[in-house]
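Structural characterization, general
Here's the letter readout for the chains.
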Amino acid sequence: MEKIQMVDLKGQYIKIKSSIDDAIADCINSAAFINGPQVKQFADNLSAYLDVPYVIPCANGTDALQIAMMALELERGDEVIVPSFTYVATAEVIGLLGLVPVMVDVDPLSFNVTADIIKGAISSKTKAIVPVHLFGQCADMSSIMDLAREHGLYVIEDTAQALSADYSFPDGRIVKAGTIGDIGCTSFFPSKNLGCYGDGGALFTRDKELADKIRMIANHGQVKKYVHKYIGVNSRLDTLQAAILDVKLSHLDSYTTARQAGAAYYDEHLKTLKAISIPSHVSYSTHVFHQYTILVGDNKRDELKKYLESKGIPAMIYYPVPLNEQEAFMKIGRTAGGLPTTRELCSQVLSLPIHTEMLTQQQDYIIEHIKAFFK
Ligand SMILES: *Cc1c(COP(=O)(O)O)cnc(C)c1O
């Protein structure tokens, strides 16, 4: 059996090698390494795929979040509500801009923030909310958008883990994750659902004025050459990465299907195991399984992880420490409430290997050893 990996980027590449190699060769032959035509072409194709009018590529997902907050003109001391159970990048940029991250708990089933949780953290200084569609499933955006409108707050979706997920509004309207809030942000880090061969990111919006401003801020705040309207950053998607992403975008739906099939297989074989909880599915979103994350109670998580590793099965803890317990955030942030769910999740989550190249034989091996551990 082939070695089991958390993500198999090489295996994925081999299957589309000729089109990727051609796309890379075209780039190098044209030598348009910065802002080559592939960047616009990819942005246009992603815009069509997501059905959102403006897609602005940038250098990585963290930059996308930072640029979003700069474009919304959030000011020093403004509060931004963010889940404590997320990757550090979401909250880091808030601190970097002199804003105050207000870290809140998440729902124990979806692992995402809800309108009810956010409501309790709103103060007179609150300016924005950053829901994270964690592990590949959307937060309940309809009620979050209602709450945001009621309080005049901006919404920035962190879609780094959920690109291609479908969100259903209560009226039946279905849209792609990241196209609901004022701005959606994503990452093309290699292991993300749509990953390039280096760093990359993008912002999405439906607002033309905001799109223009985002484009300027990502490019030194430049209106036209040597005319700078805003303090900006230098954040570009390389032409090479855009060319690779454009090839991979045409496979994104089949990649998503492969991840979902892997998840369904785990579900089917692990659901009867009482010692663990399989991922919950919410009614308003598809799950694109950036991660397949189980909960392991009774303080058995770390032991299970070690056992699996001894059998050649990698498993990862996303995330072991709540943001509000990180030294960097204690100094600058505010924690809304005791965050009992975040705490519990940090001690129970375990993400199993899931990717586009998983073999049934590998999954059988993983399932067998999880069962053997609890025997
Ligand atoms: C990966 C990730 C980011 C950051 O993306 P980079 O491209 O690595 O900067 C932000 N938020 C979440 C939730 C992520 O998973």
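Residues numbered from 1 in each chain as written. Predicted model: local features only at pLDDT ≥ 70, side-chain atom pairs only at ≥ 80, totals over all residues. Heavy atoms only, no water.

For the rest of this paragraph, the subject is the overall build of the chain. A count of helical and extended segments in the chain gives 14 helices and 15 strands. Relative to its length of 375 residues, the chain is compact, with a C-alpha radius of gyration of 21 Å against a globular reference of 21 Å. Within the chain, the proportion of its 375 residues that are buried is 55%. For the chain, the proportion of contacts with a sequence separation of at least 24, taken over those separated by at least 6, is 74%. Carbon and sulfur atoms make up 51% of the accessible area of the chain, which totals about 16,300 Å². Positive and negative side-chain charges in the chain, numbering 35 and 43 respectively, have mean positions lying 3 Å apart. (Helix = DSSP H or I, 4+ residues; strand = E, 2+ residues; numbered from the N terminus. Rg over C-alpha atoms; globule rule 2.2 N^0.38 Å. Buried < 20%, exposed > 50% of the residue type's maximum accessible area, 1.4 Å probe, protein only. Contact = heavy atoms within 4.5 Å. Areas by Shrake-Rupley, 256 points an atom, 1.4 Å probe, with all protein chains shown as cover. Lys, Arg positive; Asp, Glu negative; His and termini not counted. Charge placed at Lys NZ, Arg CZ, Asp CG, Glu CD.)

Moving on, we get to the packing of helix 10 (residues 252-270) against helix 14 (residues 360-374). Between helix 10 and helix 14, the least distance of the axes is 11 Å, while the angle of their chain directions is 30°. Regarding the angle of helix 10 to helix 14, the classification is roughly parallel. For the crossing formed where helix 10 meets helix 14, the hand is right-handed. From helix 10, Gly-262, Tyr-265, Tyr-266, His-269 and Leu-270 reach across to helix 14, where they touch Thr-360, Gln-363, Asp-364, Ile-366, Ile-367, Ile-370 and Lys-371. Partitioning the contact of helix 10 with helix 14 into residue classes produces six nonpolar, four polar and two charged. (Axes fitted to C-alpha atoms, helices over the stretch in contact; angles between N-to-C directions. Parallel < 35°, antiparallel > 145°, perpendicular 65-115°, else oblique. Left-handed = near helix turned anticlockwise from the far one by under 90°. Nonpolar A, V, L, I, M, F, W, Y, C, P; charged D, E, K, R; others polar.)

Here we take up the side chain of Ser-164. For Ser-164, the position within the fold is in the loop between strand 5 (154-158) and strand 6 (166-168). Within the local environment of Ser-164, its side chain forms a polar contact with the side chain of Thr-256, the two groups lying 2.9 Å apart. The residues contacting Ser-164, other than those within four sequence positions of it, are Tyr-49, Lys-176, Leu-252, Thr-256 and Val-288. (Polar contact = N/O pair within 3.5 Å; in protein donor to acceptor, adjacent residues only side chain to side chain.)

In the vicinity of the ligand lie 14 residues, with Gly-61, Thr-62, Asp-158, Ser-187 and Lys-192 positioned nearest. At a separation of 2.5 Å, an oxygen atom of the ligand approaches a polar side-chain atom of Thr-62. Residue Asp-158 places a side-chain N or O atom 2.7 Å away from a nitrogen atom belonging to the ligand. Against a free-state accessible area of 380 Å², the protein chains account for coverage of 92% of the ligand. Of all elements in the fold, only helix 4 (61-71) and helix 5 (88-96) reach the threshold of two or more residues within the shell around the ligand. Grouping the amino acids of the shell around the ligand by side-chain chemistry returns four nonpolar, eight polar and two charged. (Near = heavy atom within 4 Å.)

In spatial order, the strands read 12-13-15; together these three strands make up an open sheet with antiparallel pairing. Bordering the open sheet on either side are strand 12 (276-277) and strand 15 (349-352), each of which pairs with just one other strand. Those strands touched by helix 10 are strand 12, strand 13 (292-296) and strand 15, and its axis lies near 25° from that of strand 13. (Pairing = 2+ DSSP bridges.)

This paragraph deals with unusual backbone geometry. With an omega of 10°, the peptide bond between Tyr-318 and Tyr-319 qualifies as cis. In this fold, Tyr-319 is placed in the loop between helix 11 (301-310) and helix 12 (327-332). A positive phi angle, close to 50°, is found at Asn-35, a residue other than glycine. Its location among the elements puts Asn-35 in the loop between helix 2 (17-30) and helix 3 (37-50). Overall, the relative accessible area of 53% leaves Asn-35 in the exposed class. A positive phi angle, near 50°, is found at Leu-339, a position not held by glycine. Locating Leu-339 in the fold gives a position in the loop between strand 14 (334-335) and helix 13 (340-348).

What follows is about the domain arrangement of the chain. In terms of domains, the chain is made up of domain 1 (9-104 + 111-249) and domain 2 (252-373). Listed per partner, the contact involves 44 residues of domain 1 and 36 residues of domain 2. For the pair domain 1 and domain 2, the summed buried surface comes to about 3,500 Å²; carbon and sulfur atoms form 60% of the total. The largest share of the area that domain 1 buries against domain 2 comes from Phe-85, Met-103 and Phe-135, three residues that together contribute 22% of it. Across the domain 1-domain 2 interface, the total number found is two salt bridges. Note that Glu-357 and Lys-15 form a salt bridge whose closest N and O atoms lie 2.6 Å from each other. (Domains from an automatic or database assignment. Buried area = accessible area lost by both parts, 1.4 Å probe. Salt bridge = Lys/Arg side-chain N within 4 Å of Asp/Glu carboxyl O.)

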